[in-house]
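Breakdown of the fold
Letter by letter, the chains look like this.
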Amino acid sequence: MELLIAVTSAFPLSCGNFAAGCRSFSCLTWDGPVALDSVQVLGLLVWTLIAGTEYFLYPAFGWVMFVAVFYWVLTIFFLIIYMTMTYTRIPQVPWTTVGLFFNGSAFILYLIAAIVDASSVTQELDSHNYNSWAASSFFAFVVTSCYAGNTYFSFISWRSRTLQ
């Protein structure tokens, strides 16, 4: 939880502080590039730890790989949009809603994948891959908690934008 608090407190929760006085400003609801970067690094750890093993022999790890790589690529996509400020050129898109749905879906699917990952780790399956699978399970839960925090802050931002 300390990591999440440190990452999310580095950037403002709303866009009002980021673009003072600009009325047509549209923004992403994440807490900035640091939050996205932390999810990127931790998500990269999840899927590389599994990819370095013989995961294809066990279907459960295929699901974890799908979720981890899918959301890793999407997070890179949104990070590029955020860093290049492309969202300011497309004000028609409700970015707060997009952020809420993205983070919410990432939280739910990563939670399922982390549970599947943790329940599939056993030394009896393949003791050679046990440590990598156990580490990937740990980092999957860390990424899940990061997406949970991002979902919470996205909801706060979405609710404050819909009340205005």
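Scroll up to find the structure this text is about.
Residues numbered from 1 in each chain as written. Predicted model: local features only at pLDDT ≥ 70, side-chain atom pairs only at ≥ 80, totals over all residues. Heavy atoms only, no water.

Brief notes about the overall build of the chain
Which entries qualify depends on this criterion: Helix numbering and strand numbering both begin at the N terminus, where a helix is a DSSP run of H or I of at least 4 residues and a strand a DSSP run of E of at least 2. Burial classes follow relative accessibility: with a 1.4 Å probe on protein chains only, a residue under 20% of its type's maximum area counts as buried, one over 50% as exposed, and anything between as partly exposed. Any two residues whose heavy atoms approach within 4.5 Å are treated as being in contact. Computed with a 1.4 Å probe, the accessible areas rest on the Shrake-Rupley method; for each residue, only the protein chains presented here act as cover.
Of regular secondary structure, the chain possesses five helices and zero strands. Helices and strands appear in the chain in the N-to-C order α-α-α-α-α. Counting every position in the chain, which comprises 164 residues, the buried fraction comes to 42%. In the chain, 77% of the contacts between residues at least 6 apart in sequence involve partners at least 24 apart. Of the roughly 8,700 Å² of accessible surface on the chain, 69% is carried by carbon and sulfur atoms.

Notes on the packing of aromatic side chains
Stated formally: Here is the rule: rings of Phe, Tyr and Trp (six-membered ring for Trp) pair when centre to centre is within 6.5 Å. Planes less than 30 degrees apart are stacked, more than 60 are edge-to-face, and the remainder are tilted.
Applying the stated criterion across every chain yields a total of 18 aromatic pairs. With centroids separated by 5.4 Å and ring planes inclined at 85 degrees, the aromatic side chains of Tyr58 and Trp133 adopt a geometry described as edge-to-face. In this pair, Tyr58 is assigned in the loop between helix 2 (33-51) and helix 3 (59-83) and Trp133 in helix 5 (residues 130-163), connecting sequence segments 75 residues apart. Trp133 matches Tyr58 in its accessibility class, with the two residues each being buried. Grouping aromatic residues by their ring pairs yields a cluster made of Trp63, Phe66, Phe70, Tyr71, Phe77, Phe78, Phe102, Tyr110 and Tyr147.

Some words on the side chain of Ser136
Put simply, the rule reads: A 3.5 Å cut-off defines polar contacts: any pair of N or O atoms within that distance qualifies, except that in protein one atom must be a possible hydrogen donor and the other a possible acceptor, and neighbouring residues in sequence count only when both atoms are side-chain atoms.
Among the secondary structure elements, Ser136 is positioned in helix 5. Overall, Ser136 belongs to the buried group, its relative accessible area being 0%. Among the polar contacts listed, one links the side chain of Ser136 to the backbone oxygen of Trp133, at a separation of 2.8 Å. Non-local contacts of Ser136, meaning those with residues more than four positions away in its chain, are made with Val46, Leu49, Ile50 and Asp117.

Concerning the nonpolar core
Put simply, the test is: Buried Ala, Val, Leu, Ile, Met, Phe, Trp, Tyr and Cys residues that are joined via side-chain atoms within 4.5 Å together make up what is termed a nonpolar core.
Counting residues in each nonpolar core, the largest one holds 29 residues, and the members touching the most others are Val46, Phe61, Tyr71, Tyr110, Val143 and Tyr147. Those elements that place two or more of their residues in this core are helix 2, helix 3, helix 4 (95-120) and helix 5. The dominant element in this core, judged by the number of residues it contributes, is helix 3, at nine residues. Filtering out sequence-adjacent residues up to four positions away, Tyr110 remains in contact with Gly43, Val46, Val67, Ala68, Tyr71, Ala140, Val143, Thr144 and Tyr147.

Quick word on the environment of Phe153
Relative to the helices and strands, Phe153 is located in helix 5. On the basis of relative accessible area, Phe153 is assigned to the buried category, the value being 15%. In this structure, the C-alpha to C-alpha distance between Phe153 and Asn103, residues 50 residues apart in sequence, is 9.6 Å.

Here we look at unusual backbone geometry
Trans peptide bonds make up the majority, and among non-glycine residues the majority have a negative phi. Residue Met85 is not a glycine yet carries a positive backbone phi of 55 degrees. As for its placement among the helices and strands, Met85 is situated in the loop between helix 3 and helix 4. Exposure remark for Met85: the relative accessible area of 35% places this residue in the partly exposed category.

Geometry only, nothing functional implied.
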